[in-house]
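Descriptive structure summary
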Amino acid sequence: MAAEKQPARKKIESTGQMMKIMSEYFYDLNDAAAASDRKVAWCTSVGPAELLRAMGFAVHFPENHAAMLGATRMATELIPEANTIGYSPDICSYLTADIGAHLKGISPLARAYPGIEAPPRPDVLVYNTNQCRDVQDWFSWYAREFDVPCIGITSPKNFTDVSEILVDDVTRQIEALIPTLEEVSGQSLDMARLRETVALSRECTELWRQVLETAMAVPAPLTFFDGTIHMGPAVVLRGTRQAVDYYRQLLAELQQRIADGSGAVDDEQYRIYWEGMPVWGRLRQHSELFARLNVSVLVSTYCSSWIFPDFDPEEPIRSMARAYLGLFIVRSDAYKEQYIKQMLEKFRIDGIIYHDAKTCPCNSNSRYGMPQRLERETGIPSLVISGDLNDLRCVSDEQTVTNVEAFIEQLEERKDHA
Amino acid sequence: MTRPVFIGLDMGASRTKVVVIDDQGALLGHAVKKSGIDFAATAAICLDDALLRAGAGRSDIGGAMATGYGRSNVTFVTSRSKTEISCHARGCFHSFPEAQTIIDIGGQDNKIIKLDAAGRRQGFKMNRKCAAGTGAFLEEMSARLDIPLQEMNNLARRATEMIKIGSYCTVFSATEVLESIRHGKPVADIIKGIFYSMIQRVLEMDSLTEKVVLCGGVVAHNPYLVEMTEEMIGRSVLLPEYPQLTGAIGAALFAREDAEN
């Protein structure tokens, strides 16, 4: 039997520091839930976290918890718990996994952080539907479960340009959240503190952009799979000094890798763009599969979604509205295609892989002809793989491997004939 | 033998196919067996059988490549394995050196592969995680109706009407078939509907451009599928001499190229 090449997995040294600040974040959340003088808000990942943090809330992100359920491969056993109470297996598997975990009374936090049993009980739930309607349904379920307020922003969708009319709309919706949040927190909104939080969010996401853009180097010093892990602080600690400090450290390490000519994948032969969600329960297998094929999956729409250049401390609420509207997922196909085309050029991409996530249509851009249109316009080949973010019942490993290997063989053929 | 032979092995989910070709690419011998549960043993038995038919021995092997699901279980390969998509493409282009759309109907997978005039792959599609349109679908129907697979082809030819099957799911399709039986529909008409459904599921995967080439074990054993495909797409299709062996032939051709390099 031909020996299969075992890929080397290159450790990012800053990971230790990331684990430390993530640990501090979760323990702080846990402490807040127990304290009488602090309130806990649950927030969607691109919801008004800046506002919540500025008002003194400890902020929990159920999507982060759901991704942990996926990465620890607990999700697939928990999703059916939510299915039995009426939440279809066809809807968001973040939602079903997270609600299933609550119903079963288990959490990956308990395994990772001794002393923590579960996510903190919320005092208020705040959503933004800029990702999908499912987040609102998800939060509404918890609002009924805990008998606490559920408020949020109903975002416009499928627009190409972030017009002032849309910004006006979302600004008003953010402002409308404030009275309820003041009532729950017992404090008035301090605009100076909000400006400071928005400034830190801006700094955090600007550094995150620089981190991701190190992958423009050949060979790329980090992969999409690294990015899915290291985006943690940008998601849950946006608006804090810890996140800013962490990304400075990570950026310095990656810049050193570039200076040393050290790629994340040995002998990088092909550079791939990943469109869509990761398969959380298969991060390691997918990372090893591509490394074995000397392929660097080095840029993605998903990790780039936490770059918010619109945050501006001079007009904090309006710039929050602009930032939340600027998100890729909420935009029209015309915008998305233009964005992806720019990324293909910027990162010198050889091929695109679209992950068609069964339960996440909003994050699956392979269903309305986009791969075919982009392939026709750019000449860059694409592959669609079927899977899911959390529900491994929707994932076929053998099919994925065959598809990916065949796709790389196709790229090799192109190179041989070039 | 004085000249080396080259081996291509396609270990599919259902059948294992081995071919022996000479240094000019001519087919000298082949063997097909059920893949079973011991892939390595099946591969070895198949290899020896094919070599025997080719009048060659293991010492004559100048190169060998494996493809298909069980490719990593094969011990006698000399080349890095390639996927069945690349091998079917190579095998079909060897038979028909022109731009083409290949439809491969296998035991578990369907594939549509597009090649340009130089044989370069332009893209490919595999069926999603569903057996609709595959050989497994036909086997399921054969078992439900208790009609041997080899008889289904002839029965379909005798149909006077066609009972259409609408479901995307193999198991629910079987329920539709049982419903037709309950209603006293002629078996031949039902089987024609089964074949129609198979092709329909495959054609839904991608558009067809240039010449259409059909290959795979299901096509090899059910010539009625070829006729029905032509009728459904409104033009003639090309069929390699050994439709079930195109993947193995492609692998053997790659093994020969690797040996030359």
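Criteria and cut-off values
The residue count restarts for each chain, going from 1 along the sequence in the order it is written. Throughout, the order in which chains and ligands are written sets their labels, letters from A for the former and numbers from 1 for the latter. Note on the predicted model: pLDDT of at least 70 is required for a residue's local features to be given, and 80 or more for side-chain atom pairs to be given and counted; whole-chain, interface and lining totals, by contrast, use all residues. The basis for the side-chain values is all heavy atoms of the structure; hydrogens and waters are excluded. Only protein chains enter the calculation, and the probe is 1.4 Å; a residue is then buried if its accessible area is under 20% of its type maximum, exposed if over 50%, and partly exposed in between. The helix count covers DSSP runs of H or I at least four residues long, the strand count covers runs of E at least two residues long, and both are numbered beginning at the N terminus. In this description, one arc is meant: the one made by directions from the helix axis to the C-beta atoms. The contact criterion used throughout is that any non-hydrogen atoms of two residues lie within 4.5 Å. Computed with a 1.4 Å rolling probe, the buried area is the accessible surface lost when two parts are put together, summed over both parts. We define a salt bridge as a contact between a side-chain nitrogen of Lys or Arg and a carboxyl oxygen of Asp or Glu at a distance within 4 Å. Residues adjacent in sequence count toward polar contacts only when both atoms are side-chain atoms; beyond that, a polar contact is any pair of N or O atoms within 3.5 Å, and within protein one must be able to donate a hydrogen and the other to accept it. Under the grouping applied here, Gly and all other residues not named as nonpolar or charged are polar, the nonpolar ones being Ala, Val, Leu, Ile, Met, Phe, Trp, Tyr, Cys and Pro and the charged ones Asp, Glu, Lys and Arg. Strand pairing is assigned whenever DSSP detects at least two bridges linking the two strands. Angles shown run from 0 to 180 degrees and are taken between the N-to-C directions of axes, each axis being a line fitted to C-alpha atoms and, for helices, limited to the stretch in contact. Under this scheme an angle from 65 to 115 degrees is roughly perpendicular, one under 35 degrees roughly parallel, and one over 145 degrees roughly antiparallel; angles in between are oblique.

Residue and element names in this part refer to chain A. What helix H4 (residues 75-84) keeps buried is the set Ala-75, Thr-76, Leu-78, Ile-79, Ala-82 and Asn-83. The buried residues of H4 occupy an angular sector of 155 degrees when the element is viewed end-on, so they sit on one face. Exposed residues on H4 whose side chains face more than 90 degrees from its buried face are Glu-77 and Thr-84. Where the residues of H4 are buried, they touch helix H3 (62-71) and helix H5 (93-104). Looking at the residues trailing H4, positive phi occurs at Gly-86, about 110 degrees.

Let us look at the interface of chain B and chain A. The interface is formed by 27 residues belonging to chain B together with 23 residues belonging to chain A. Of the roughly 2,000 Å² buried at the junction of chain B and chain A (both faces included), carbon and sulfur atoms supply 46%. Put simply, chain B and chain A have 2 salt bridges between them. Between the two partners, chain B and chain A, sit 7 residue pairs in polar contact (both at pLDDT 80 or more). The element that contributes the greatest number of residues to the side of chain B that touches chain A is strand E7 (residues 121-126) of chain B, accounting for 6 residues. Here the side of chain B that touches chain A is composed, by residue class, of 6 nonpolar, 11 polar and 10 charged.

Below, the discussion takes up the sheet that holds strand E4 (residues 61-67) of chain B. Residues and elements named next belong to chain B. Read across the sheet, 4 strands follow the order E3-E2-E1-E4 without closing on themselves; strand pairing throughout is mixed. Edge positions in the open sheet fall to strand E3 (27-34) and E4, since each of these has one partner strand only. Looking at each pair of strands side by side, their axes are set apart by 15 degrees on average, direction ignored. Relative to E4, strand E1 (residues 5-11) is paired through 6 bridges, and the arrangement is parallel.

Attention shifts here to the packing of helix H1 (residues 15-34) of chain A against helix H12 (residues 241-260) of chain A. Residues and elements named next belong to chain A. Their axes nearest at 10 Å, the elements H1 and H12 cross at an angle of 170 degrees. Between H1 and H12, the angle is such that the two are roughly antiparallel. Contacts from Thr-15, Gln-17, Met-18 and Ile-21 of H1 reach H12 at Gln-242, Tyr-246 and Gln-249. For the contact of H1 with H12, the class distribution of residues is 3 nonpolar, 4 polar and no charged.

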